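Each chain is listed here by its residues.
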Amino acid sequence: MPCWLRCMWHRSPNFFTVTQSAAMKNIPEPREISPDSPCIGHCTTVLGDDVCRNCLRTFEEITDWVLMDEAQRRSVNQRIADLHSQRNK
């Protein structure tokens, strides 16, 4: 049991139960998917990668980014967010 939970247990057993159950659920807050570029300026596609190791976009997505509309950009960013959530499981 983490120290801060032990401290709360000594103060209030009911608080411990609520805090522990909320912490154990580990539910991420829903976030709106932005149409902004995920580029951080260190593209690995120039090294021959098909997918950039930093922003996780394909070479085609990177080169077509300026031609994409907002919905297409959000779709790419949703795919990237899904990849991140799969890696964190």
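Look a little higher up for the structure.
Here is what the cut-offs are and how they apply
In every chain, residue numbers begin from 1 and rise along the written sequence. Given that this is a predicted model, residues contribute local features only at a pLDDT of at least 70 and side-chain atom pairs are listed and counted only at 80 or more, while totals for whole chains, interfaces and linings are drawn from all residues. Only hydrogens and water are set aside; all other atoms, that is, all heavy atoms of the structure, feed into the side-chain values. Centres within 6.5 Å make a pair out of two Phe, Tyr or Trp rings, where for Trp the six-membered ring is used; the pair is then stacked when the planes are under 30 degrees apart, edge-to-face when over 60, and tilted otherwise. For a ring to carry a charge above it, either NZ of a lysine or CZ of an arginine must fall within 6 Å of the ring centroid while also lying within 35 degrees of the normal to the ring plane. For the purposes of this entry, the term helix denotes a DSSP run of H or I that reaches at least four residues, the term strand denotes a run of E that reaches at least two, and both are numbered from the N terminus. For a helix, the expected span equals 1.5 Å multiplied by the residue count minus one. Throughout, a residue-residue contact means that at least one pair of heavy atoms, one from each residue, lies within 4.5 Å. Definition of a polar contact: a pair of N or O atoms within 3.5 Å, with one able to donate and the other able to accept a hydrogen when the atoms are protein atoms, and with sequence-neighbouring residues admitted only if both atoms are side-chain atoms. Salt bridges, as used here, are contacts in which a Lys or Arg side-chain nitrogen is within 4 Å of a carboxyl oxygen on Asp or Glu.

I'm lost on the packing of aromatic side chains in this one. Help?
The geometry of an aromatic ring pair comes down to the distance between the two centres and the angle between the two planes. Using the criterion set out here, one finds zero aromatic pairs in the structure. The ring of Trp65 has Arg57 sitting right over it, with the charged end atom 4.8 Å from the ring centre.

I would appreciate a short explanation of helix 4 (residues 70-87) in the present structure.
Residue pairs three or four apart in sequence face the same way in an α-helix, which turns once every 3.6 residues. Helix length check: helix 4, at 18 residues, gives a terminal C-alpha distance of 26 Å against a target of 26 Å (1.5 Å per residue), a fit within 8%. Residues of helix 4 that are buried make contact with helix 3 (59-64). Measuring from the side-chain oxygen of the N-cap residue of helix 4 to the backbone nitrogen of Ala71 gives 3.2 Å; that N-cap residue is Asp69.

So what exactly am I meant to see when it comes to the pattern of salt bridges here?
One pass over the structure, following the stated rule, counts four salt bridges. Of the charged contacts, one joins Glu32 and Arg74 as a salt bridge, the two residues approaching to 3.5 Å between their closest N and O atoms. Of this pair, Glu32 sits in the loop between helix 2 (13-25) and helix 3 while Arg74 is found in helix 4, placing the two residues 42 residues apart along the sequence. Beyond isolated ion pairs, a larger network of salt bridges with shared partners links Glu32, Glu70 and Arg74.

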